[in-house]
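Here is how the chains run, residue by residue.
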Amino acid sequence: MIRTSSIRSQDDPLSLAIRPPPEESDSDRHIRLQHEAEARRISEQIDEELRFERERLKKSKSDVKLLLLGQAESGKSTLQKQFQLMYSPASLESERMSWRTVVYFNVVRSIKKILTTLEAWDDIDDGSDSQSTLERQELGDYLPTRASSSATPSIHSSQIGVALSPPSPTSPTSPTASSPIRGSTAISDLRRRLLPLTNTEPQLADGLSGGVSVSGSGKGEVYVRSGWQARTIQKALSVIDADPLVDDVARMLEQSRDDIRILWENQVVRALMTSRKLKLDEWSEFFLNDISRISARNYVPSTDDILHARIQTMGVAEHIFDVDIHGKTVTWHLFDVGGARGQRHSWVPYFDDANAIIFVSPISAFDQYLEEDPRTNRIDDSLQLFTQICSNQLLKKVHLVLFLNKTDILKKKLERGLSVSKYILSYGDRPNEYESVVQYFRAHFLQVHRRNNENRRVLYTHLTNVVARAQDTKATQSIIGNVRDSIFRGYLQSAALV
């Protein structure tokens, strides 16, 4: 009978390697067994992690990956909040107190900008008399333009056919002999009393951004990384590392409430805003009109406050929602990206497996220019960016949705008599009315899509106002519901399931 060698055969090199030493002591044997048990534990843990990863990858194939793309301040992060409000209200509730810091920062920055603008116009005075420039202006007149402001950027044309031009300088109007604006001294007093509050702006900014700045993103902007809400809450709740800054700002706001209201209602400030010499951010009016509530002790941000609060995204922030679609729960991964020029390179890694894109363009921005490039009109930049998205080969099969956003602000600008043709030369003598302007901008975006649509992809277009008040969000949520259904249909078709 022929004997076969055992797997523990003397000739087996593995057996030789793991065989205990012939003179192994009891203590050595105990240590060896401990090491072997730890090795088995690690091996089993790795096997479990690999199994979990296989299951996750298998499940993720049925997930929807949605990118929110567009230039900075187009409304992407606000749209993300609307998704969160609709599909994950508990997570928004858990972040509520973190938004207090952002609201305070927005208010302080608005006050500082008003005071800085007032000071800049007051400095125009040539010292020829004891009255300041502001004092010499009649309430109904526009304040004079600085001599240096006459050097406006040159006219340049869009690469996609929209001729764009900065506005021509406003001719100064001569002050009349009527009584001057009273209260210049009062403004100086307000500036002095509000100085401690406005001095907290850089500290609030550093607290939100961690001192991080983004190159190529304009001057003075503040950016936050993904997860800043949790870090802000954790810091606020920490007893040992509690930062008194936010509480100090809250106290100063409460004490300065009347001064802030007087400044905001001041006729000089209103005259500067009317003449567009003072250009505040879109959320400034919302917060300053409600300063009594926001400066109250124990202030808690409302949902409206969260929707209006403004802080720029740095990099790419992922938000996960479980969305019920006709009885089927699907996990959506929504990626909110930083839209400044210096951050757009970070989008590309997310193009490979994206299922859908919502491109957000603020059509109210026809009179605005990029913070990082004052020569480029924001509408032109948005059209050029949309061209890049439509022509990108990685995105040719991605479901595409276009949000022409901030329609409410567009209406207000047109009602105030702001002329589109002054900024968009190719608009010509078309009616300066809402429907005409909207159709004009929509036509240009559709033209970009047609020129880069070899696969006959459908473009779903919506006119939106994603910063609607909480009680008026039904229209926005209805649009989101329609977008959800259209994206899911496109996803099923791409998966050959319908």
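Residues numbered from 1 in each chain as written. Predicted model: local features only at pLDDT ≥ 70, side-chain atom pairs only at ≥ 80, totals over all residues. Heavy atoms only, no water.

Caption draft 1: Seen up close, the overall build of the protein. Within the protein, the regular secondary structure consists of 19 helices and 10 strands. Relative to its 498 residues, the protein shows a buried fraction of 46%. Pairs at least 24 residues apart make up 75% of the contacts formed inside the protein by residues separated by at least 6 positions. Within the structure as shown, the protein displays about 26400 Å² of accessible surface, and the carbon and sulfur contribution to it stands at 51%. (Helix = DSSP H or I, 4+ residues; strand = E, 2+ residues; numbered from the N terminus. Buried < 20%, exposed > 50% of the residue type's maximum accessible area, 1.4 Å probe, protein only. Contact = heavy atoms within 4.5 Å. Areas by Shrake-Rupley, 256 points an atom, 1.4 Å probe, with all protein chains shown as cover.)

Caption draft 2: Quick peek at the pattern of salt bridges. Scanning all chains against the criterion turns up 24 salt bridges. Across the pair Glu 38 and Arg 41 runs a salt bridge, and its minimum N-O distance is 2.7 Å. In this pair, Glu 38 and Arg 41 both sit in helix 2 (residues 26–60), 3 residues apart, roughly one turn of the helix. Ionic contacts of the salt-bridge type, sharing partners, join the residues Arg 341, Arg 344, Asp 373, Arg 375 and Asp 381 into one network. (Salt bridge = Lys/Arg side-chain N within 4 Å of Asp/Glu carboxyl O.)

Caption draft 3: How the structure looks around the side chain of His 462. Its location among the elements puts His 462 in strand 10 (residues 459–463). Setting aside its immediate chain neighbours within four residues, His 462 contacts Val 401, Leu 402, Phe 403, Leu 404, Ile 479 and Val 483.

Caption draft 4: Broad picture of the environment of Gln 384. Relative to the assigned elements, Gln 384 resides in helix 16 (residues 378–391). Separated by 61 residues in sequence, Gln 384 and Phe 445 place their C-alpha atoms 9.7 Å apart. In terms of polar contacts, Gln 384 uses its side chain to reach the side chain of Asp 380, at 2.9 Å. (Polar contact = N/O pair within 3.5 Å; in protein donor to acceptor, adjacent residues only side chain to side chain.)

Caption draft 5: A look at the packing of helix 17 (residues 407–415) against helix 18 (residues 434–451). Contact pair helix 17 / helix 18: the axes reach a minimum separation of 10 Å and the direction vectors enclose 130 degrees. Put simply, helix 17 runs oblique to helix 18. When the axes of helix 17 and helix 18 are compared, the crossing they make is right-handed. Each of Thr 407, Leu 410, Lys 411 and Leu 414 in helix 17 lies in contact with helix 18, whose residues at this interface are Tyr 434, Val 437 and Val 438. When its residues are assigned to classes, the contact of helix 17 with helix 18 shows 5 nonpolar, 1 polar and 1 charged. (Axes fitted to C-alpha atoms, helices over the stretch in contact; angles between N-to-C directions. Parallel < 35°, antiparallel > 145°, perpendicular 65-115°, else oblique. Left-handed = near helix turned anticlockwise from the far one by under 90°. Nonpolar A, V, L, I, M, F, W, Y, C, P; charged D, E, K, R; others polar.)

Caption draft 6: Representation of the nonpolar core. With 44 residues, the main nonpolar core has Val 107, Ile 111, Ile 114, Leu 118, Leu 197 and Leu 263 as its most contacted residues. Only helix 5 (99–122), helix 7 (184–198), helix 8 (201–209), helix 10 (245–255), helix 11 (257–265), helix 12 (267–274), helix 13 (284–289) and helix 14 (291–294) provide two or more residues apiece to this core. Among the elements that take part in this core, helix 5 stands out by supplying 12 residues, more than any other. (Core = buried A, V, L, I, M, F, W, Y, C linked by side-chain atoms within 4.5 Å.)

Caption draft 7: Representation of the packing of aromatic side chains in the model. Using the criterion set out here, one finds 9 aromatic pairs in the structure. Between the aromatic rings of Phe 335 and Tyr 350, the centroid separation amounts to 5.1 Å while the plane-to-plane angle is 50 degrees, which identifies the pairing as tilted. Placement of the pair is Phe 335 in strand 7 (residues 328–337) and Tyr 350 in the loop between strand 7 and strand 8 (356–362), with a sequence separation of 15 residues. Among the residues examined, Phe 335 registers a relative accessible area of 9% and is labelled buried. (Phe/Tyr/Trp six-rings, centres within 6.5 Å; stacked < 30°, edge-to-face > 60°.)

Caption draft 8: Structural detail: the sheet that holds strand 6 (residues 316–325). What the 6 strands build is an open sheet, ordered 6-7-1-8-9-10; its pairing is mixed. Every interior strand has two partners, whereas the edge strands, strand 6 and strand 10, have only one. Adjacent strand axes in the sheet meet at a mean angle of 20 degrees when their direction is disregarded. Taken together, the 7 bridges between strand 8 and strand 9 (residues 399–405) define a ladder with parallel strand orientation. Note on strand 9: the bridge partner recorded for Ile 357 is Leu 400. Along the sheet, helix 16 contacts strand 1 (64–69), strand 8, strand 9 and strand 10; its crossing angle with strand 8, the most-contacted strand, is approximately 165 degrees. (Pairing = 2+ DSSP bridges.)

Caption draft 9: Looking closely at unusual backbone geometry. The phi torsion at Arg 276 lies on the positive side, around 65 degrees, for a residue other than glycine. For Arg 276, the position within the fold is in the loop between helix 12 and helix 13. Taking relative accessible area as the criterion, Arg 276 reaches 22% and is therefore assigned partly exposed. Non-glycine residue Asn 298 carries a positive phi angle of around 60 degrees.

Caption draft 10: View of the pairing of strand 6. Where strand 6 lies against strand 7, 10 bridges are found, and the strand directions are antiparallel. Looking across to strand 7, one finds that Phe 321 is bridged to Trp 332. What sits between the antiparallel neighbours strand 6 and strand 7 is a turn of 2 residues, in which His 326 has the positive phi angle 55 degrees.

Spatial relationships are all this shows, so hold off on functional conclusions.
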